[in-house]
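Residues per chain are reported as follows:
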Amino acid sequence: MERLTNRLLSWASLIDEKTIEQARTSSRMPFIYPHLALMPDAHLGLGATVGSVIPTLGAIMPAAVGVDIGCGMIAVKTAFTRGDLAGRDLVELREQIERAIPLSAGRDNRKIVATAEPRVAELEDLAAKAGFDPASYAGRWRNQLGSLGSGNHFIEISVDETDAVWMFLHSGSRGVGNKIAQHHIRVAQRLAKQWWIELPHPDLAYLVEGTPEFTRYISELRWAQRFALLNREEMMDRVANQLGRFVGTGPGGTGVDELERINCHHNFTESEMHFGKRVWVSRKGAIMADTGRPGLIPGSMGTASYVVEGRGNPLSLNSSPHGAGREHSRTSARKTFTHEQLREAMAGIEYRDTDAFLDEIPQAYKPIDQVMADADDLVTVRHVLRQIVNVKGD
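My aim in this report is to walk through the structure given alongside it, one point at a time.

Analysis parameters
- Residues numbered from 1 in each chain as written.
- Predicted model: local features only at pLDDT ≥ 70, side-chain atom pairs only at ≥ 80, totals over all residues.
- Heavy atoms only, no water.
- Helix = DSSP H or I, 4+ residues; strand = E, 2+ residues; numbered from the N terminus.
- Buried < 20%, exposed > 50% of the residue type's maximum accessible area, 1.4 Å probe, protein only.
- Polar contact = N/O pair within 3.5 Å; in protein donor to acceptor, adjacent residues only side chain to side chain.
- Contact = heavy atoms within 4.5 Å.
- Pairing = 2+ DSSP bridges.
- Axes fitted to C-alpha atoms, helices over the stretch in contact; angles between N-to-C directions.
- Parallel < 35°, antiparallel > 145°, perpendicular 65-115°, else oblique.
- Nonpolar A, V, L, I, M, F, W, Y, C, P; charged D, E, K, R; others polar.
- Salt bridge = Lys/Arg side-chain N within 4 Å of Asp/Glu carboxyl O.

1. Remarks on unusual backbone geometry
Following Tyr33, the chain continues into Pro34 via a peptide bond in cis, with omega recorded as -10°. Here Pro34 lies in the loop between helix H1 (17-27) and strand E3 (36-43). The backbone of Ser104 sits at a positive phi, close to 85°, despite the residue not being glycine. Along the chain, Ser104 turns up in the loop between helix H4 (90-100) and helix H5 (117-130).

Listed below in structure tokens is the structure:
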């Protein structure tokens, strides 16, 4: 860990000056307490740095939470082993998963399936209690539950160091969460102009605790965070169903025995106690890592992912990295790397071979091994996962 200023600490050994300057600017906001923490995967983001932990007193910057509210990971350890998949055509498994879950931006479910119905009902009840209608943001929000999205969102079947099979996926609150976030970012920016507040960057506009705007944001933020968690649960149930059918075990040949399930956000805000004060902790690309808490840190497609346990480092505000962290923008990756390099990086992994994924090539990200080395005082590694099937949207 390096203390860059009194209000900025960094765990990143691989970081550029633009990212540091962006974080330094955020750390100067008057309500930061006690300091902003940069995780090992930190990189330049919109408004606030991705891979940053931002504790605030009496205010929240909506853009510092990010537009994919509640984005995160879920993983399930199954009773299957690598041997249960041996000799089977993994193309079939990948295609089964692709048929079961809508992929890519703008894609959603044609109907509400049985497993989604109670989750949709829960979200309807939560929205009613919060006093807002999610349909005012996205008319088809119900159909978005159980859909993956695109970019760095993925579904994977992996094996750990003991050859146990895991199901692993990454997604968030989809279009409805994005619309909620964008609305409140605009509200914060409008209020800054209305009250003649000078900001170092428009995306550092904030909402003040105790105001109607703040209260509404927190209510809708919490709803979107719950949507994201349930979205991952819904997709995981569908992946489990397809894996069980593929292996052909359990009641009716579709059962998956779950040994462990972990579901964690990495774009979210919570009220927590740190250094003697209650603060709003916005983790934009970071997971909670208080002592003993299980967590998930994925690498890029083609590299290892990690099941971890928090070490409760107080200087990090009980946080850890959320992934590898980009070294190349999407545009830069497409200009720098080739489809053949992507194929080489994905050797031995069943995936849809298309240049649509070129901006997700492992070389576009920081080496996950270095990120984990930098995080040594933040988490303990429990399992290392190696993917054998990868599913992504365009």
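Next comes the rest of the account.
2. Comments concerning the side chain of Arg326
Tracing the backbone shows Arg326 in the loop between strand E16 (319-321) and helix H9 (330-336). Classification of Arg326 by relative accessible area gives buried; the value is 14%. A distance of 2.8 Å separates the side chain of Arg326 from the backbone oxygen of His328, its partner in a polar contact. Separated by 2.9 Å, the side chains of Arg326 and Tyr365 make a polar contact. Excluding its chain neighbours within four sequence positions, the residues that come into contact with Arg326 are His43, Ala333, Asp359, Glu360, Ala364, Tyr365 and Lys366.

3. Remarks on the environment of Gly312
Looking at the secondary structure, you find Gly312 in the loop between strand E15 (305-310) and E16. Taking C-alpha positions, Gly312 is 7.7 Å from Gly292, a pair spaced 20 residues apart along the chain. Setting aside its immediate chain neighbours within four residues, Gly312 contacts Ala289, Asp290, Thr291, Asn318 and Leu378.

4. Digging into the sheet that holds strand E12 (residues 277-284)
Strand pairing in a sheet takes place through backbone hydrogen bonds and is either antiparallel or parallel in direction. Overall, mixed pairing links the six strands, which are arranged E1-E2-E3-E4-E12-E11 in an open sheet. A single partner strand is all that each edge strand has here, and the edge strands are strand E1 (2-5) and strand E11 (267-274). Taking each pair of neighbouring strands and ignoring which way they run, the sheet shows an average axis angle of 25°. As defined by bridge partners, E3 adjoins strand E4 (residues 50-56) across three bridges and the pair is classed as antiparallel. Residue pairing in the sheet places His43 in a bridge with Val50 of E4. Its contacts with the sheet put H1 on E1, strand E2 (8-10) and E3, and the angle it makes with E3 is roughly 155°. Helix H8 (residues 212-247) contacts E11 and E12 of the sheet and is inclined by roughly 115° relative to E11.

5. Notes on the pairing of E4
Of all seven residues in E4, seven are buried; the element is thus mostly enclosed. Hairpin geometry of E3 and E4 is characterised by an intervening segment of six residues between the two adjacent antiparallel strands and by a positive phi of about 80° at Gly47.

6. Points about the packing of H5 against H8
A pair of packed helices is captured by two measures, namely the crossing angle of their axes and the spacing between those axes. One way to put it is that H5 packs onto H8 with a least axis distance of 10 Å and a crossing angle of 180°. Considering the angle they form, H5 stands roughly antiparallel to H8. Residues Arg119, Glu122, Leu123, Leu126, Ala127 and Ala130 of H5 touch H8, and the partners they reach there are Ser219, Trp223, Arg226, Phe227, Leu230, Glu233, Glu234 and Asp237. For the contact of H5 with H8, the class distribution of residues is seven nonpolar, one polar and six charged.

7. Focus on the environment of Ala375
Along the polypeptide, Ala375 turns up in the loop between helix H11 (368-374) and strand E17 (379-391). Taking the C-alpha atoms as reference points, Ala375 and Ser13, separated by 362 residues in sequence, lie 10 Å from one another. Contact partners of Ala375, with chain neighbours within four places excluded, come to Pro40 and Pro321.

8. What about the pattern of salt bridges?
Here the structure, examined in full by the defined rule, presents 29 salt bridges. Across the salt bridge formed by Arg326 and Glu360, the nearest N and O atoms sit 3.1 Å from each other. Linking Arg326 in the loop between E16 and H9 with Glu360 in the loop between helix H10 (339-345) and H11, this pair joins segments that are 34 residues apart in sequence. Linked by salt bridges that have partners in common, Arg119, Glu233, Glu234, Asp237, Arg238, Glu258 and Arg261 make up one network.

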